[in-house]
There are 2 protein chains.
Amino acid sequence: MDTKSYHHGNLRESLIEMGIKIISLEGDANLSLRKVASACGVSHAAPYAHFKNKDDLINAMQEHVAFEFSKALMHVIETCSRKEEILTYLGKAYVIFFMDNPHYFSFLFSRTEIMVDFSYNADPTNNYKPYEIYRQTAIQALTPTGISYEKMNDIIIAMFALVHGLASITTMKNTTYDEKWEDKIETILTLFSSGRKG
Amino acid sequence: MDTKSYHHGNLRESLIEMGIKIISLEGDANLSLRKVASACGVSHAAPYAHFKNKDDLINAMQEHVAFEFSKALMHVIETCSRKEEILTYLGKAYVIFFMDNPHYFSFLFSRTEIMVDFSYNADPTNNYKPYEIYRQTAIQALTPTGISYEKMNDIIIAMFALVHGLASITTMKNTTYDEKWEDKIETILTLFSSGRKG
DNA sequence: CTCACAATCTTTTCGCTGTCAAGATGGGCT
DNA sequence: AGCCCATCTTGACAGCGAAAAGATTGTGAG
């Protein structure tokens, strides 16, 4: 905060937040270490006291955004009153998070961290990973139906792919859709499960 | 071909193909005009005789890959003998195209060209655009079911999002899945329609 | 045939970038 | 009080996209 002192005092956090701000406004292509440093009122090499290199800063930024994302998902899970439609609301929150910040999508999912793990021996402690959140919620929602574990696993992957695909498409550069399209998300998300019921 | 002559003779096409080769091997982050030029045995400014700037070359590369992609999809449509499962096979081809070349996915769908157009007044001449190919195939496949136009439209968007989401997930950096996971794609793709039937 | 033109390619230069090395600063512990 | 060392600055270097200016050569008009 004290812009005059030689030592910034909170540079590491400031760099992360400023970097995310730039990403959200201009996208990853326009992110440079020197620009972030300058925006923090600091010389171009100052970041190297806190991060090994540019990729190291980007990883920290990604963790920060991923945590915000998981918070948005968890909030829906914890406050949803109609548990029978929780997968629809969770999916809608998933899509809307990225519609609000389109640049976050490619930023989050094109980096080194494992955001999705479909392998049989996936780490169950990946609690903050989007697919793991969706998967555990879906298991709770689908278990009462008595579907076999194998089939439930496939269904969850399919529903997650549908949600993730909608997020990918709606955040694509120059993808066009009507204004009321956002209202359609819920309808589209329910198609899978309603189709399975009827 | 003649590496000694002052004039390359086929530089424009060579730059496009070499650029795509670099993308497929190293991803877009490692693509530079100078590297492409050097790989073509030409000075670093030579590309400017054929392309306005780097983005112009990238657009040409994207068109080239998009055409290859549409060819792969059209080939499935034209050679599919079991028309009742054409949407499954089309979706599988969609996913496998990008599994074979993971770097193509973000490259194709993060650029300026409109690859997906969900608006009501979408240009119907976008025949080579992936969503338009999928949509027209789906209309032919679903029309006999007698579903309303409105609902069919939503269903097609949902199925396309599922397919596109699978492609996005399977090509994500560091996404892990078992070897036999590729065999599961077909199963997962059929879940939507089989759920709707049963 | 020749010769000038225009397309193509090279060289040079510029500002920006990531990264590293060396030095300056000053908060906090002994 | 004085030293240490994390933090920050300055300066340098190679690689990048881009533009300007000059070199080369295929080609078509005469």
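Residues numbered from 1 in each chain as written. Chains lettered and ligands numbered in written order. Predicted model: local features only at pLDDT ≥ 70, side-chain atom pairs only at ≥ 80, totals over all residues. Heavy atoms only, no water.

**Brief notes about the domain arrangement of chain A**
All names here are of chain A. Formally: These domain limits were set by an automatic method or by a database of domain assignments. The contact criterion used throughout is that any non-hydrogen atoms of two residues lie within 4.5 Å. Summed over both partners, the accessible surface that disappears when two parts come together, traced with a 1.4 Å probe, is what is meant by buried area. We define a polar contact as two N or O atoms separated by no more than 3.5 Å, with the added condition that, inside protein, one atom must be a possible hydrogen donor and the other a possible acceptor, whereas residues neighbouring each other in sequence contribute only through side-chain atom pairs. Amino acids outside the nonpolar list (Ala, Val, Leu, Ile, Met, Phe, Trp, Tyr, Cys, Pro) and the charged list (Asp, Glu, Lys, Arg) are all regarded as polar, and Gly is one of them.
Here chain A is described as being made up of domain 1 (11-51) and domain 2 (61-197). Using C-alpha coordinates to define each centre, domain 1 is positioned 30 Å away from domain 2. Taken together, the contacts link ten residues of domain 1 with nine residues of domain 2. Both faces considered, domain 1 and domain 2 share a buried interface measuring about 820 Å² in area, 70% of it formed by carbon and sulfur atoms. Connecting domain 1 to domain 2 are zero residue pairs in polar contact (both at pLDDT 80 or more). When its residues are assigned to classes, the side of domain 1 that touches domain 2 shows five nonpolar, three polar and two charged.

**With respect to the protein's contact with DNA strand C**
Heads up, the condition is: It suffices for a single heavy atom of a residue to lie within 4 Å of a molecule or strand for the residue to be listed as near it.
Around DNA strand C, the surrounding shell holds 21 residues, and the nearest of these are Arg34(A), Lys54(A), Tyr6(B), Ser43(B) and His50(B). Among all atoms of DNA strand C positioned within 4 Å of the protein, those belonging to sugar or phosphate total 54%. Residue His8(B) places a main-chain N or O atom 2.8 Å away from a phosphate oxygen belonging to DNA strand C. Here a phosphate oxygen of DNA strand C and a side-chain polar atom of His50(B) are 2.6 Å apart. Taken together, the residues that form the surface near DNA strand C break down as nine nonpolar, ten polar and two charged.

**Let's talk about the packing of helix α3 (residues 54-79) of chain B against helix α5 (residues 102-109) of chain B**
Residue and element names in this part refer to chain B. Defined as follows: Lines are fitted to the C-alpha atoms to define the axes, a helix being fitted only along its stretch in contact, and any angle between axes, read from their N-to-C directions, falls within 0 to 180 degrees. Put simply, DSSP marks the helices as runs of H or I at least four residues long and the strands as runs of E at least two long, and each gets a number from the N terminus on. Angle categories are assigned with fixed cut-offs, so that under 35 degrees is roughly parallel, over 145 is roughly antiparallel, 65 to 115 is roughly perpendicular, and the rest are oblique. When the near helix sits turned anticlockwise from the far one by under a right angle, the crossing is termed left-handed; a clockwise turn instead gives a right-handed crossing.
It is the contact of α3 with α5, at a shortest axis distance of 10 Å, that shows an interaxial angle of 120°. Taken together, the axes of α3 and α5 lie oblique to each other. For α3 against α5, the interelement crossing comes out left-handed. In this structure, α3 uses Ile-58, Met-61, Gln-62, Val-65, Ala-66 and Phe-69 to contact α5, whose residues at the interface are Tyr-104, Phe-107, Leu-108 and Phe-109.

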